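Spelled out, the chains give:
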Amino acid sequence: MKSLNFDVHFKDLFDSTSDLIHFVDIEGKILKTNPAWLKTLEYGIEEVLNQNIFSFISPASHQLFKTYRDLVISKSGVADIEFEFVTKSGSRVIVEGQVGCVYDQKEPVYTRGVFRNVTAKRETEETLIKHQRRLQTFIENAPSAVVIINEQQIIQEWNPKAEEIFDFSSREVVGQPMVDIIIPQQFRAAHLQGMSRFLKTGEGQLLNKTIEVTALHKSGHEFPISLNISSVKIDHEWLFIAFITDITKQKALQEEIIRQQVLLLQVKNDEEKKDQFISMASHELKTPLTSLKAFVQLLERNNSPDRALQLAGRASGYVRKLEVLIGDLLDVSKIKADKINYHFQEVNFKKFLEESIESVQLFTVTHRLEIEHCDDACCFADVLRLEQVIHNLLTNAIKYSPGANRIIVSSRVTGNELVTSVQDFGIGIAKEHLDDIFSRFYRVDNADMKFQGLGIGLFITKEIVERHSGNLWVVSEPGKGTVFNFSLPISKSD
Ligand code: ADP
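Just so it is clear, the model here is predicted, and its values are computed rather than measured.

K.L.:
What am I meant to see in unusual backbone geometry here?
P.N.:
Trans is the common state for peptide bonds, and a negative phi is the common state for residues other than glycine. Even without a glycine there, the phi angle at aspartate 167 is positive, about 75°. On the secondary structure map, aspartate 167 appears in the loop between helix H6 (160-166) and helix H7 (170-173). Exposure remark for aspartate 167: the relative accessible area of 45% places this residue in the partly exposed category. Here asparagine 208, not a glycine, exhibits a phi torsion of approximately 60°, which is positive. Within the fold, asparagine 208 resides in the loop between helix H9 (185-201) and strand S8 (210-216). Looking at asparagine 208, the relative accessible area reads 56%, which means it is exposed.

K.L.:
I keep staring at the site of the ligand and nothing clicks. Help me out?
P.N.:
Lining the immediate surroundings of the ligand are 19 residues, of which Asn396, Tyr400, Asp424, Arg443 and Leu458 lie closest. A distance of 3.0 Å is found between an oxygen atom of the ligand and a backbone nitrogen or oxygen belonging to leucine 454. Protein chains bury 97% of the 530 Å² of accessible surface belonging to the ligand in isolation. If you tally residues by element for the shell around the ligand, the top one is helix H13 (residues 383-399), at three residues.

K.L.:
Would you mind going over the pairing of strand S9 (residues 222-234) with me for this structure?
P.N.:
Put simply, side chains in a regular strand alternate between the two faces of the sheet. As paired elements, S8 and S9 share seven bridges and run antiparallel to each other. For valine 213, the partnering residue across the bridge sits in S9 and is isoleucine 225. Strand direction decides the pairing type here: S9 and strand S10 (residues 237-246), joined by 10 bridges, are antiparallel. Across the sheet, the residue bridging to lysine 233 is tryptophan 238, located in S10. Linking two consecutive strands that pair antiparallel, namely S9 and S10, is a turn of two residues; a positive phi of about 50° is found at aspartate 235 within it.

K.L.:
I keep staring at the nonpolar core and nothing clicks. Help me out?
P.N.:
Across soluble globular proteins, nonpolar side chains show a tendency to be buried alongside one another. If you look at the biggest cluster of nonpolar residues, it comprises 46 residues, and the most contacted ones within it are Phe349, Leu394, Phe484 and Phe486. Per-element tally for this core: the top contributor is H13, with seven residues. Not counting residues up to four positions away in its chain, the partners in contact with phenylalanine 484 are Leu393, Thr420, Ser421, Val422, Ile429, Ile437, Phe438, Leu458, Leu472, Trp473 and Val474. Counting 26 residues, the second largest nonpolar core, distinct from the first, contains Ala145, Trp158, Met195 and Leu207.

K.L.:
Just checking my understanding: could you explain the packing of aromatic side chains for this structure?
P.N.:
Working definition: an aromatic ring pair is given by the centre-to-centre distance plus the angle between the planes. The final tally for this structure, using the stated rule, is 20 aromatic pairs. The interplanar angle of 70° and the centroid separation of 5.5 Å between the aromatic rings of tryptophan 37 and phenylalanine 56 together place this pair among those described as edge-to-face. Separated by 19 residues along the polypeptide, tryptophan 37 in helix H2 (residues 35-41) and phenylalanine 56 in the loop between helix H3 (45-48) and helix H4 (62-73) bring together distant segments of the chain. Phenylalanine 56 carries the same exposure label as tryptophan 37, and that label is buried. Pairwise contacts between aromatic rings join Trp37, Tyr43, Phe54, Phe56, Phe65, Phe83, Phe85 and Phe115 into one cluster.

K.L.:
What is the right way to look at the side chain of histidine 468 in this model?
P.N.:
By the secondary structure assignment, histidine 468 is in the loop between helix H14 (457-467) and strand S16 (472-477). Setting aside residues no more than four positions away along its own chain, histidine 468 makes contact with Tyr342, Phe344, Phe380, Ala381, Asp382, Arg385, Leu488 and Pro489.

K.L.:
Would you mind showing me how to read the packing of helix H10 (residues 248-301) against helix H11 (residues 305-336) here?
P.N.:
When two helices pack together, their arrangement is captured by the angle between the axes and the distance separating the axes. Put simply, H10 and H11 touch, their axes get as near as 9 Å, and they point 160° apart. In terms of axis orientation, H10 runs roughly antiparallel to H11. Crossing angle aside, the handedness with which H10 passes H11 is left-handed. Across from Phe277, Glu284, Leu285, Pro288, Leu289, Ser291, Leu292, Phe295, Leu298 and Leu299 in H10, the residues of H11 making contact are Arg307, Ala308, Leu311, Ala312, Arg314, Ala315, Tyr318, Val319, Leu322, Leu325, Ile326 and Leu329. Looking at the contact of H10 with H11 residue by residue, the classes come out as 18 nonpolar, one polar and three charged.

K.L.:
Help me understand the sheet that holds strand S3 (residues 81-86), please; the structure alone is not making it clear to me.
P.N.:
Hydrogen bonds along the backbone pair up the strands of a sheet, which may run parallel or antiparallel. Taken together, five strands build an open sheet; the order of strands is S2-S1-S5-S4-S3 and the sheet is antiparallel. At either end of the open sheet lies a strand with only one pairing partner, and these are strand S2 (30-33) and S3. If you compare each strand with its neighbour and ignore which way they point, the axes differ by 35° on average. As paired elements, strand S1 (residues 20-25) and strand S5 (residues 107-117) share six bridges and run antiparallel to each other. Note on S5: the bridge partner recorded for leucine 20 is phenylalanine 115. In the packing of helix H5 (residues 119-141) onto the sheet, the strands contacted are S3, strand S4 (92-104) and S5, and the crossing angle to S4 comes to about 135°.

K.L.:
For this particular structure, what's the right way to read helix H12 (residues 349-361)?
P.N.:
Residues three or four positions apart in an α-helix share a direction because the helix packs 3.6 residues into each turn. Between its terminal C-alpha atoms H12 stretches 18 Å, which fits the 18 Å expected from 13 residues at 1.5 Å a residue. Listing the buried residues of H12 in full gives Phe349, Phe352, Leu353, Ser356, Ile357 and Val360. An end-on view of H12 places all buried positions within 125° of arc, on one side of the element. In H12, the exposed positions angled more than 90 degrees off the buried face are occupied by Lys351 and Glu358.

Conventions used here
- Every residue gets a number counted from 1 within its own chain, in the order that chain's sequence is written.
- Only residues with pLDDT of at least 70 get local features here, since the model is predicted, and only at 80 or more are side-chain atom pairs given and counted; chain-wide, interface and lining totals rely on the full set of residues.
- The basis for the side-chain values is all heavy atoms of the structure; hydrogens and waters are excluded.
- A run of H or I in DSSP counts as a helix once it spans at least four residues, and a run of E counts as a strand once it spans at least two, with each numbered from the N terminus.
- Buried, partly exposed and exposed residues are distinguished by accessible area as a fraction of the type maximum, computed with a 1.4 Å probe on protein chains only: under 20%, between the cut-offs, and over 50%, respectively.
- Each residue is tested against the molecule or strand, and it is near if at least one of its non-hydrogen atoms lies within 4 Å.
- N or O atoms within 3.5 Å of each other form a polar contact, as long as, within protein, one can give a hydrogen and the other can take it, and as long as residues adjacent in sequence are counted only when both atoms are side-chain atoms.
- For accessible areas, the Shrake-Rupley method is used with a probe of radius 1.4 Å. Any residue's cover is judged against the shown protein chains and nothing else.
- Strands are treated as partners if at least two bridges between them are detected by DSSP.
- Remark: nonpolar core denotes a set of buried residues (Ala, Val, Leu, Ile, Met, Phe, Trp, Tyr, Cys) joined through side-chain atoms within 4.5 Å.
- We call two residues contacting when some pair of their heavy atoms lies within 4.5 Å.
- Paired rings are identified among Phe, Tyr and Trp, the last through its six-membered ring, by centres lying within 6.5 Å, and are further divided according to the angle between planes into stacked (under 30 degrees), edge-to-face (over 60) and tilted (the rest).
- Think of each axis as a best-fit line through the C-alpha atoms, taken over the contacting stretch in the case of a helix, with angles from 0 to 180 degrees between the N-to-C directions.
- Oblique is the label for every angle not falling under 35 degrees (roughly parallel), over 145 degrees (roughly antiparallel), or within 65 to 115 degrees (roughly perpendicular).
- We call a crossing left-handed when the near helix sits turned anticlockwise from the far one by less than a right angle, and right-handed when that turn is clockwise.
- Gly counts as polar in this scheme, as do all residues outside two lists: the nonpolar Ala, Val, Leu, Ile, Met, Phe, Trp, Tyr, Cys and Pro, and the charged Asp, Glu, Lys and Arg.
- A helix is expected to span 1.5 Å multiplied by its residue count minus one.
- As used here, the arc is the angular range of directions from the helix axis to the C-beta atoms.

Encoded structure:
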């Protein structure tokens, strides 16, 4: 192997290295520069030889470079320096490296500098910092709360709007697990499940869409938010960025609008119901009146006492019908004004039931009213009102079972109560109406059959039963029949 010729090899190193090398005398005049130095600063060798080194250094770095050079020459330091050269066309070149001093018998002769061009690296760093600052400004001034968490759910970022919405300062929550802080207890498991699914499969059902959920406030109360989560992968780790808006006010406004709309509909509905009721009530009152008028006219023309008696009997039936109708109408307004007076007394229920049924039986020829069973018991009741209950339930049972011919009544003691049931084998009531039939003016629309009525009988019946500390309920099957039951407390006078 050939021995190394240092002169040749050092020259080769000097010429081929990408580092910038210069030799400068103690006064600052350039003695020599390598090709990388000339190429980087865009000069030819003759343009730089014997020129002052400071002509090639950016004014911003003059002071720093001078201090450093003085220190090196006086042997006080050889640390790295970072400064800026200026190219011939005026661009800056950031370099980092070292300057050393060569002495002859302890006298400084010249300095040598070796530098690396770090412009691209520094500019990238500066751009990054600029972007970071911009991002920070954006996050800090965002109109929504911005919360950034990592894969372990740890809060990385919590902007001023998040502080305002949740009342936690960023110092309190950054570095803490997000789940325990802003997710209500009942949603935590689902959130963790969704998160682990995303990390396993990359599928996130809630990502990149705006959803409405509830969040937890520092004070412990829950409030509605709109939430949009995006995910980004940085350095092999997922970050989740949530944009959050407090929508308590919008929600309240929305709810108020819906409430007003419902009220409007109710008013409209009430108006329609009222119109419908007036027309039905007029019809209901007019029918017996017309019959009554006809009988009175017949009476006027008829002079046979037997026929007259018969006609008077029929007429009195219609008078009674009118009386009941008007009584019911008055009752509805009395119930509304809480003005029904009750006169309670001890009642032998068995005797009372038999008499009431007998009086209803007088007016029907189509149905047989049967008492299947009746326990002996006494109740504390208003007899006239209780009669109204039996009357209403029986006339309904007759009216709504046009194809049947019997109604079964039974009354049994259960515990401290007497439960009476009226069973028919009529059209029955569909499930969806069962809760409503006790409401004022509610009538089931039986499209195929038309039944007369005002929709107030059961409303009054329920009110009376409840004023007796009892309950009224119904069991029914469409097409098979209906059983109305009411309970009354047994009186303990004995
Ligand atoms: P009305 O009979 O005058 O319409 P009610 O208040 O007595 O008013 O009854 C309310 C509704 O309940 C009736 O319109 C009817 O649809 C239903 N209903 C009541 N009793 C019966 C019954 N025994 N069988 C079937 N439907 C009934």
